[in-house]
2 protein chains.
Amino acid sequence: VPPDSRPCPGLPRRMFVPGLLAAALALAPATPIRAATANPAPAVPADVAVPPADAARIAGAALASDRAWRRLSELCDGIGHRLSGSAALDRAVAWARAAMVEDGLDSVWLQPVKVPRWVRGQESATLVEPMPLELPMLGLGRSVGTPKGGITAPVVAVSSFDEMAALPPERVRGRIVLWNVPFTTYGQTVRYRSRGANEASRRGAVASLVRAIGPTGLRTPHTGNMAAYNDSFPRIPGAALSAEDTDMIQRLLDRGTGVKVRLSMQADTLPDGVSHNVIGELRGRERPDEIVVVGGHLDSWDVGQGAHDDGGGCVIAMESLRLLKELGLRPRRTLRVVLWTNEENGARGAKAYADSIGTRQRHVAAIESDGGVERVVGFGFRLLKAGTDSTDAGATARLVERARPLSRLLAGIDAAAIDGDGGGTDIEPLMKLGVPGIAHQTTMERYFQRHHTAADVMSHVDPLELRRNVAAFAIMSWALAEMPGTLVP
Amino acid sequence: VPPDSRPCPGLPRRMFVPGLLAAALALAPATPIRAATANPAPAVPADVAVPPADAARIAGAALASDRAWRRLSELCDGIGHRLSGSAALDRAVAWARAAMVEDGLDSVWLQPVKVPRWVRGQESATLVEPMPLELPMLGLGRSVGTPKGGITAPVVAVSSFDEMAALPPERVRGRIVLWNVPFTTYGQTVRYRSRGANEASRRGAVASLVRAIGPTGLRTPHTGNMAAYNDSFPRIPGAALSAEDTDMIQRLLDRGTGVKVRLSMQADTLPDGVSHNVIGELRGRERPDEIVVVGGHLDSWDVGQGAHDDGGGCVIAMESLRLLKELGLRPRRTLRVVLWTNEENGARGAKAYADSIGTRQRHVAAIESDGGVERVVGFGFRLLKAGTDSTDAGATARLVERARPLSRLLAGIDAAAIDGDGGGTDIEPLMKLGVPGIAHQTTMERYFQRHHTAADVMSHVDPLELRRNVAAFAIMSWALAEMPGTLVP
């Protein structure tokens, strides 16, 4: 897919077309016809075949149920946002555990994880010159606070690390750097959120502000994590402004008006706390020691409700197991749901889980849902080179081909796209161990406008898209746990 | 135009088609051809005719200039929002006056106007039960404040005045009423912002919250004015919540969860202050005592920058006169720009202007631009029944037909729609005196999402649409001041 065919510039690479093969499969009747035809659908290898009628039952049950929506409302409206170390995340852990027990899973347990505890506190950014104005802002995770009374300094705006490097020292020293990098893709721009404070401090700046990492919203700042401080330079605070206020400051500077800002933040990092991965499973009927892991992350940023990021993913994964239980579809392998903790600012839950799996059980696949509850399009499959975070292109291509017949099961709900763009923060440690990593893919058309903002709330989740997401995720989870062979034979 | 053909439900009635007549005129060559054709364009009556070549010059100059954008940036970025009674509005008055002088208008003056001074102060709305959560909110203009420490009470949600009337008294008394009225059109929903506090107080409520009067944004509350307090009931505070938080509270209430909110507002009304209408004119070359008034309102709400509402309208009107001056097009009549003060919470500037016009000069037309700087589509023309605010349908129909040939001048910039939907808050007092009221019409597709919010800022104004708006407004202003006859012969 050429870049300009992407639905919006902020999207990761996605193949929206299932391809001729998948299209042909989608049109093929559920019971393969053996008679010769002009373009016969390739036969599904026996060790990847699962009963299509069961997939249809799963879809029917998912599309007719509002349970996922009610669950998401319990989490978002009843508990709210839940940053690592917060009492709300503890409540969410207890809630998720109770929900899995209520669903009748075979085992439900908590895995303790030490997590960082960053706290925001009171914070503000105020335009001081050329006129007083409160600027909507959000401090960035891991940032230090400011001295009481804040930091007041002139602002210098730059649009790239290179532009910063080219500035004479006196243009940066003692100033607040504003990284005015227009949003293109998340990957291209998030590095200014990550590294901006370190790079600004390296040049003697006293604070770092970053243009919101997301498309222009409604004067909406986006939070998110910063990289660890580089101990060669002073630790300076980092925060995000809205795209609009960044534009305004740039316009003022462009016409020679001096701009001064006061940044005030009580942000602090407390000693680590204890949180938990919440884990539950349906034990496999034939090969209980082969595990298919499915999940999302239970923690969220401390704004909004963490509805798209990633309450939705958690509910989708939990509901997938509940549906199978309700339908009496106990799969061949063990299907395990893991709601990871601390994805947003440490990924400690992901690491703890991967560190714990041992060798008695074999993880044959891992699916993460962390792309928001938008229109589901399909799944990405990927394998890493052993022990690295680099894609193994050849193995991934074979994996995608092997997974392709599964898309037939998803054609009926228009989620049959299959590509090699698999992965997810929480399953990456498993992928480094050789486990195929699978991403639950959505259009993400509006995701990055709400991501890490106060607007990541229930009202922006479409209840019917949530049902379709559950249907797709449940079918794929079941298929991987049910098919006679494994993805990597 | 049937309602369902409107581009979005929030739009006022607009005719987007110029009609066959206007289309024919648009296609007609500038110099009428006298030879018989199958469908000859109707001849333009001589007393409505103006030189099309001059309209083309105006369009060319407007479309090639970034001056309006720079002016809007001076106002929005350099001065910011400007509620009646604020120092910022005083600065805006001085700025506008200086700009008109710089533009070389023949006369520039200020008209003093006593204006209300409502001040917002610190304010917050906090969900107290079932969990603590700060709710983005904006107090409503004219609202009283709360006692220190705020008002904490259970919330009752209603979706209409009728639903409120049907509730038993104990369901309302001592509670905070939340008017959860989904946005359809501004006219349908704004009455809950206006009358909500009075209607809630009538039933014994202690505060009134209203769902944002606008489409769902990004958890964006909308401010705006309340009606005068009804002195038969206690004065209770009024504020707006976002659509999303209103939805959340409704979901909680619907599943039986008690919701308690603490509302804290320092809002206060100070003694009236003095503000000014800013007025400038190009004196007519033949009939200086016939006045065409054009303008917008200089005040704004005390959030955002008042870019669409109505800095853009002010700049469009000012720039129209400047362009004519620059092009040496002194019109037959006097063209007067009025930047009214206090449109948002009192309309005192509009009243003061209409009260001052006397009988020596005759106002022949008034145009207001207050629909945001979006894609311009044309102009609405309307006459009221003498001394009332009711439309005179017959006179309006004749007015629209008389104005229709002017649309030919706007066809080249695709702004040729003409209809009977004229008017504007600031020109209504003139219309009551018999002056034809003309609205500068835009698509308003995104207007009500930004209107009265912190997101009504420069970054949401498209610089090229601003130029097209100036072109259309300048041409219409010039045509009305230049044409040999008047709109009402």
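Residues numbered from 1 in each chain as written. Chains lettered and ligands numbered in written order. Predicted model: local features only at pLDDT ≥ 70, side-chain atom pairs only at ≥ 80, totals over all residues. Heavy atoms only, no water.

Chemist: Sorry if this is basic, but what is going on with unusual backbone geometry here?
Modeler: Residue A:Glu129 is joined to A:Pro130 through a cis peptide bond whose omega torsion reads 10 degrees. Position of A:Pro130 among the secondary structure elements: in the loop between strand S2 (123-129) and strand S3 (133-135). Note that the residue after B:Asp309, namely B:Asp310, is joined by a cis bond; omega there is 5 degrees. Checked against the element boundaries, B:Asp310 lands in helix H8 (residues 307-327). Even without being glycine, B:Ala347 reaches a positive phi, approximately 55 degrees. Take B:Ala347: it is sitting in the loop between strand S12 (333-340) and helix H9 (348-356). In this structure, B:Asp414 is a non-glycine residue whose phi angle is positive, near 60 degrees. Taking relative accessible area as the criterion, B:Asp414 reaches 47% and is therefore assigned partly exposed. (Helix = DSSP H or I, 4+ residues; strand = E, 2+ residues; numbered from the N terminus. Buried < 20%, exposed > 50% of the residue type's maximum accessible area, 1.4 Å probe, protein only.)

Chemist: Hey, could you run me through the relation of the copies chain A and chain B in this one?
Modeler: Relating the two copies of this chain is a rotation about some axis coupled with a shift parallel to it. Of the transformation placing chain A onto chain B, the axial shift is 0.0 Å and the rotation is 180 degrees, giving an RMSD of 0.0 Å. One copy is carried onto the other by what is essentially a two-fold rotation axis. Minimal C-alpha separation from the rotation axis in chain A is found for A:Leu218, amounting to 3.2 Å. Comparing interface residues between copies, 100% of those in chain A also sit at the interface in chain B, which points to an isologous, same-surface contact. (Least-squares fit on C-alpha atoms with pLDDT ≥ 70 in both. Contact = heavy atoms within 4.5 Å.)

Chemist: Would you mind going over helix H13 (residues 463-482) of chain A with me for this structure?
Modeler: An α-helical segment advances 3.6 residues per turn. Residues three or four places apart therefore align on the same side. Residue and element names in this part refer to chain A. The end-to-end C-alpha distance of H13, which contains 20 residues, comes to 28 Å, matching closely the 28 Å that a straight helix rising 1.5 Å per residue would cover. Counting buried positions along H13 yields 17 of 20 residues, so the element is predominantly enclosed. The opening residue of H13 is aspartate 462, an N-cap whose side-chain oxygen sits 2.8 Å from the backbone nitrogen of leucine 464. (Expected span 1.5 Å × (residues − 1). Polar contact = N/O pair within 3.5 Å; in protein donor to acceptor, adjacent residues only side chain to side chain.)

Chemist: Any chance you could explain the packing of helix H2 (residues 52-63) of chain A against H13(A) here in plain terms?
Modeler: How two helices pack is summed up by the angle between their axes together with the distance between the axes. All names here are of chain A. Where H2 contacts H13, the two axes come as close as 8 Å, and the packing angle between them is 150 degrees. It follows from the interaxial angle that H2 and H13 lie roughly antiparallel. The hand of the H2/H13 crossing is right-handed. Residues Asp54, Ala55, Ile58, Ala59, Ala62 and Leu63 of H2 touch H13, and the partners they reach there are Arg467, Arg468, Val470, Ala471, Ala474, Ile475 and Trp478. (Axes fitted to C-alpha atoms, helices over the stretch in contact; angles between N-to-C directions. Parallel < 35°, antiparallel > 145°, perpendicular 65-115°, else oblique. Left-handed = near helix turned anticlockwise from the far one by under 90°.)

Chemist: Hey, could you run me through the packing of helix H3 (residues 67-78) of chain A against H13(A) in this one?
Modeler: Residue and element names in this part refer to chain A. H13 packs onto H3 with a crossing angle of 110 degrees between their chain directions and a minimal axis gap of 9 Å. Viewed along their axes, H3 and H13 adopt a mutual orientation that is roughly perpendicular. Taken as a pair, H3 and H13 cross one another with a handedness that is right-handed. Contacts from Ala68, Trp69 and Leu72 in H3 reach Pro463, Leu466 and Val470 in H13. A per-class count over the contact of H3 with H13 returns six nonpolar, no polar and no charged. (Nonpolar A, V, L, I, M, F, W, Y, C, P; charged D, E, K, R; others polar.)

Chemist: Is there a simple way to think about the interface of chain A and chain B in this case?
Modeler: How big an interface is tends to be stated in terms of the accessible area lost upon association of its parts. Facing the 32 residues of chain A at the interface are 32 residues of chain B. A per-residue breakdown of the area chain A buries against chain B is headed by A:Asp77, A:Leu218 and A:Arg251, which together make up 27% of the total. The tally of links from chain A across to chain B stands at two salt bridges. As a salt-bridge pair, B:Arg251 and A:Asp77 come within 2.6 Å of each other at their nearest N and O atoms. At the level of secondary structure, the elements contributing two or more residues to the side of chain A that touches chain B comprise H3, helix H7 (243-254) and helix H12 (447-450) of chain A. For the side of chain A that touches chain B, the element with the most residues is H3(A), which contributes six residues. Within the side of chain A that touches chain B, the residues separate by chemical class into 12 nonpolar, 12 polar and eight charged. (Buried area = accessible area lost by both parts, 1.4 Å probe. Salt bridge = Lys/Arg side-chain N within 4 Å of Asp/Glu carboxyl O.)

Chemist: Quick question: what am I supposed to make of helix H6 (residues 186-202) of chain B here?
Modeler: Residues and elements named next belong to chain B. The terminal C-alpha atoms of H6 lie 24 Å apart, and with 17 residues this matches the ideal 24 Å at 1.5 Å per residue to within 8%. A bend of about 60 degrees at arginine 195 is the largest found in H6. Taken together, the buried positions of H6 are occupied by Tyr186, Thr189, Val190, Tyr192, Arg193, Gly196, Ala197, Asn198, Glu199, Ala200 and Ser201. Residues of H6 that are buried sit in contact with helix H5 (161-166), strand S6 (176-179), strand S7 (207-211) and helix H12 (447-450). Immediately beyond the C-terminal end of H6, within one or two residues, lies glycine 204, with a positive phi of roughly 95 degrees. (Bend = angle between axes of the 7 residues up to and from the residue.)

Chemist: What's the story with the sheet that holds strand S10 (residues 268-282) of chain B in this structure? I'm lost.
Modeler: All names here are of chain B. Pairing within the open sheet is mixed, and its eight strands lie in the order S1-S10-S12-S11-S13-S16-S14-S15. Bordering the open sheet on either side are strand S1 (107-119) and strand S15 (417-419), each of which pairs with just one other strand. Pairwise comparison of adjacent strand axes, ignoring direction, gives a mean angle of 20 degrees for this sheet. Where strand S13 (residues 362-368) and strand S16 (residues 437-442) come together, three bridges link them in parallel fashion. Note on S16: the bridge partner recorded for isoleucine 367 is isoleucine 438. Seen against the sheet, H8 touches S10, strand S11 (287-297), S12 and S16 and runs at an angle of roughly 145 degrees to S11. Its contacts with the sheet place helix H13 (residues 463-482) against S11, S12, S13, strand S14 (376-382), S15 and S16, and it is angled at close to 35 degrees to S14. (Pairing = 2+ DSSP bridges.)

Chemist: Just to check I follow, could you spell out the environment of B:Arg91 for this structure?
Modeler: By the secondary structure assignment, B:Arg91 is in helix H4 (residues 87-102). Remark: the alpha-carbon pair of B:Arg91 and B:Pro331, spanning 240 residues in sequence, is separated by 31 Å.

Chemist: Quick question: what am I supposed to make of the pairing of strand S9 (residues 260-265) of chain B here?
Modeler: Residues and elements named next belong to chain B. Only one face of S9 is buried, namely the one carrying Val261, Leu263 and Met265, since none of Lys260, Arg262 and Ser264 on the opposite face is buried. The sheet contact formed by strand S2 (residues 123-129) and S9 spans six bridges and is antiparallel. Its bridge partner lying in S9, leucine 127 is registered against valine 261. With four bridges connecting them, strand S5 (residues 151-158) and S9 associate as antiparallel partners. Within the sheet, the bridge partner assigned to threonine 152 lies in S9 and is arginine 262.

Chemist: Would you mind going over the packing of aromatic side chains with me for this structure?
Modeler: The geometry of an aromatic ring pair is captured by the separation of the ring centres together with the interplanar angle, meaning the angle of the planes. Residue and element names in this part refer to chain A. The final tally for this structure, using the stated rule, is 16 aromatic pairs over all chains. With 5.2 Å between their ring centres and 65 degrees between their planes, phenylalanine 161 and tryptophan 179 make a pair best called edge-to-face. One end of the pair, phenylalanine 161, is in helix H5 (residues 161-166); the other, tryptophan 179, is in strand S6 (residues 176-179), and 18 residues separate them in sequence. We classify tryptophan 179 as buried; its relative accessible area is 0%. With 6.1 Å between their ring centres and 50 degrees between their planes, phenylalanine 183 and phenylalanine 448 make a pair best called tilted. Of the two residues, phenylalanine 183 is situated in the loop between S6 and helix H6 (186-202) and phenylalanine 448 in helix H12; the sequence distance between them amounts to 265 residues. The burial state of phenylalanine 183 is the same as that of phenylalanine 448; both residues are buried. What links up through ring pairs into an aromatic cluster is the set Phe183, Tyr186, Tyr447 and Phe448. A cation sits over an aromatic face here: arginine 195 above phenylalanine 161, 4.2 Å from the ring centre. (Phe/Tyr/Trp six-rings, centres within 6.5 Å; stacked < 30°, edge-to-face > 60°. Lys NZ or Arg CZ within 6 Å of the ring centre and 35° of its normal.)

Chemist: Any chance you could explain the environment of B:Pro271 here in plain terms?
Modeler: Relative to the helices and strands, B:Pro271 resides in strand S10. Along the sequence, B:Pro271 and B:Ile151 sit 120 residues apart, while their C-alpha atoms lie 25 Å from each other.

Chemist: How do you make sense of the pattern of salt bridges when you look at a structure like this?
Modeler: Working definition: two side chains of opposite charge can pair if their charged atoms are close together. Residue and element names in this part refer to chain B. Applying the stated criterion across every chain, the model contains 63 salt bridges over all chains. Note that aspartate 302 is salt-bridged to arginine 120, the shortest N-O span being 2.7 Å. Placement of the pair is aspartate 302 in the loop between S11 and H8 and arginine 120 in the loop between S1 and S2, with a sequence separation of 182 residues. Here the two residues aspartate 302 and arginine 120 agree in accessibility, since each one is buried. With a closest N to O distance of 2.8 Å, glutamate 281 and arginine 336 form a salt bridge. With glutamate 281 in strand S10 and arginine 336 in strand S12, the pair connects residues that are 55 residues apart, well separated along the chain.

None of this, on its own, says anything about what the molecule does.
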